[in-house]
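A structural walkthrough
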Amino acid sequence: MCDISLYLCLCKRLCITGNLFAADNHLNNDSMEKNLNLTEEWDKVFPQSDKVNHAKVTFHNRYGITLAADLYIPKNAGGKLPAIAVSGPFGAVKEQSSGLYAQTLAERGFLTIAFDPSYTGESSGEPRYVASPDINTEDFSAAVDYLSTRDDVDAERIGILGICGWGGMALNAAAIDTRIKATVTSTMYDMSRVNANGYFDTMDADARYELRKLLNAQRTEDYRNGTYALAGGVVDPLPSDAPQFLKDYHSYYKTQRGYHKRSLNSNGGWNKTSSLSFINMPILSYSDEIRSAVLMIHGEKAHSRYFSEDAFKKLKGDNKELLIIPDANHTDLYDRMNIIPFDKLEQFFREYL
């Protein structure tokens, strides 16, 4: 049995929720209607490329949630293009890492979209800041719906790319959606595993029961108050005993390098009760049945490396690959252009799309 106080400390930090002070997220928040108010200005944390055309687009998933995305098309492109949908990290927005990946891959000849998952960023969905293993997997398939029906996309050449927690969602989508021909995960988290077992699998059944009690008590409190308490984004300032991976998160989400006003990790975080559904719903149950190509990328020094290594062991077929980047930590693969292996990504997508 693990020490409960240690576990609760880990729990409060789970999913980058280091800020222990709750904030309120009103149930009747009407700031995100189905007709979205999309920002027209370039408000990304990375510079705009002169090699691609950019536009805002929307599409809907089968739960009726309208998703907002940035579309990147190579300039002077013609005919039907291979396409890639990108999302993540968990708690980030499309103006951060996913947009950088999408724009860079568009520079290399792919039509790409970077989208905000349901309930976050510029996408719709009420209440705000909810995560769901089902709906967030569906978001990737909804992106494939959208791309498949574009006149400038070859519907037989569509891939997806998930970063951090959306790496796990991408694998889950590839397991159910046969239209996805190639999947890349970068610095992947298995959100079911980390919510149910804690970081580094330090949580046992007794600790998990205490977590359930805590989260269900929060449900009662939220319902009574008519608000959803937020778990808090990346802790700021950092405590003196912060582990290195929290320092890495802070250096991205809380500095000019990666801060964005709509990012949950940069600000108030997810609803506290979002963890509940992940505890009971393992997202990678059928990943061994993925027949399409998969490339998993992780940093050698990333605290999260074990998620990719263990998930990769379950994959079958000779079209699966795990690439470990020497000396890289978890967040290096968010935005370090000299570390993210874009040549390998291009080669992989060209081969399988």
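Residues numbered from 1 in each chain as written. Predicted model: local features only at pLDDT ≥ 70, side-chain atom pairs only at ≥ 80, totals over all residues. Heavy atoms only, no water.

Within the protein chain, the secondary structure is distributed over eleven helices and ten strands. What you see for the protein chain is a C-alpha radius of gyration of 19 Å, in line with the 20 Å of a compact globule of 353 residues. Along the three orthogonal principal directions, the C-alpha set of the protein chain runs to about 55 × 45 × 35 Å. Counting the 353 residues in the protein chain, one finds 59% classified as buried. A sequence separation of at least 24 residues applies to 76% of the contacts in the protein chain between residues at least 6 apart. (Helix = DSSP H or I, 4+ residues; strand = E, 2+ residues; numbered from the N terminus. Rg over C-alpha atoms; globule rule 2.2 N^0.38 Å. Buried < 20%, exposed > 50% of the residue type's maximum accessible area, 1.4 Å probe, protein only. Contact = heavy atoms within 4.5 Å.)

So, on to the pattern of salt bridges. Scanning the entire structure with this criterion turns up 27 salt bridges. With its nearest N and O atoms 3.1 Å apart, the salt bridge here joins Arg350 to Glu346. One end of the pair, Arg350, and the other, Glu346, are both in helix α11 (residues 342–352), four residues apart, so they sit about a helical turn from each other. What you see here is one network of salt bridges that share partners, running through Asp43, Lys44, Lys56, Asp70, Lys94, Glu95, Asp116, Glu122 and Arg262. (Salt bridge = Lys/Arg side-chain N within 4 Å of Asp/Glu carboxyl O.)

This part covers the pairing of strand β7 (residues 182–186). Among the five residues that make up β7, five are buried, leaving the element largely enclosed by the rest of the structure. In the sheet, strand β6 (residues 153–163) pairs with β7 via five bridges, with the strands oriented parallel. When the sheet's bridge partners are listed, Gly162 is paired in β7 with Thr185. (Pairing = 2+ DSSP bridges.)

Turning next to helix α2 (residues 97–107). The element α2 is extensively covered by neighbouring structure, given that ten of its eleven residues are classed as buried. Within α2 the residues assigned to the buried category are Ser97, Ser98, Gly99, Leu100, Tyr101, Ala102, Gln103, Thr104, Leu105 and Ala106. One or two positions beyond α2, positive phi appears at Gly109, with a value near 110°.

Confidence in the prediction for the protein chain averages 92 pLDDT; 90% of positions are at 70 or higher. Below pLDDT 50 for its whole length, residues 1–33 participates in 84 contacts with residues either more than four positions away or in separate chains. (pLDDT = per-residue confidence, 0-100.)

A separate point is the packing of aromatic side chains. Per the counting criterion, the structure on display carries 24 aromatic pairs. Here the aromatic rings of Tyr252 and Tyr334 are separated by 5.1 Å at their centres, their planes lie at 80°, and the arrangement is edge-to-face. Of this pair, Tyr252 sits in helix α7 (residues 244–253) while Tyr334 sits in helix α10 (residues 332–335); the two residues are 82 residues apart in sequence, bridging distant segments of the chain. In terms of burial, Tyr252 and Tyr334 fall into one category: buried. Three or more aromatic residues joined by ring pairs form one cluster here, namely Tyr189, Tyr199, Phe200, Phe245, Tyr249, Tyr252, Tyr253, Tyr306, Phe307 and Tyr334. Over the face of the ring belonging to Trp42 we find Lys44, whose NZ or CZ atom lies 5.2 Å from the ring centre. (Phe/Tyr/Trp six-rings, centres within 6.5 Å; stacked < 30°, edge-to-face > 60°. Lys NZ or Arg CZ within 6 Å of the ring centre and 35° of its normal.)

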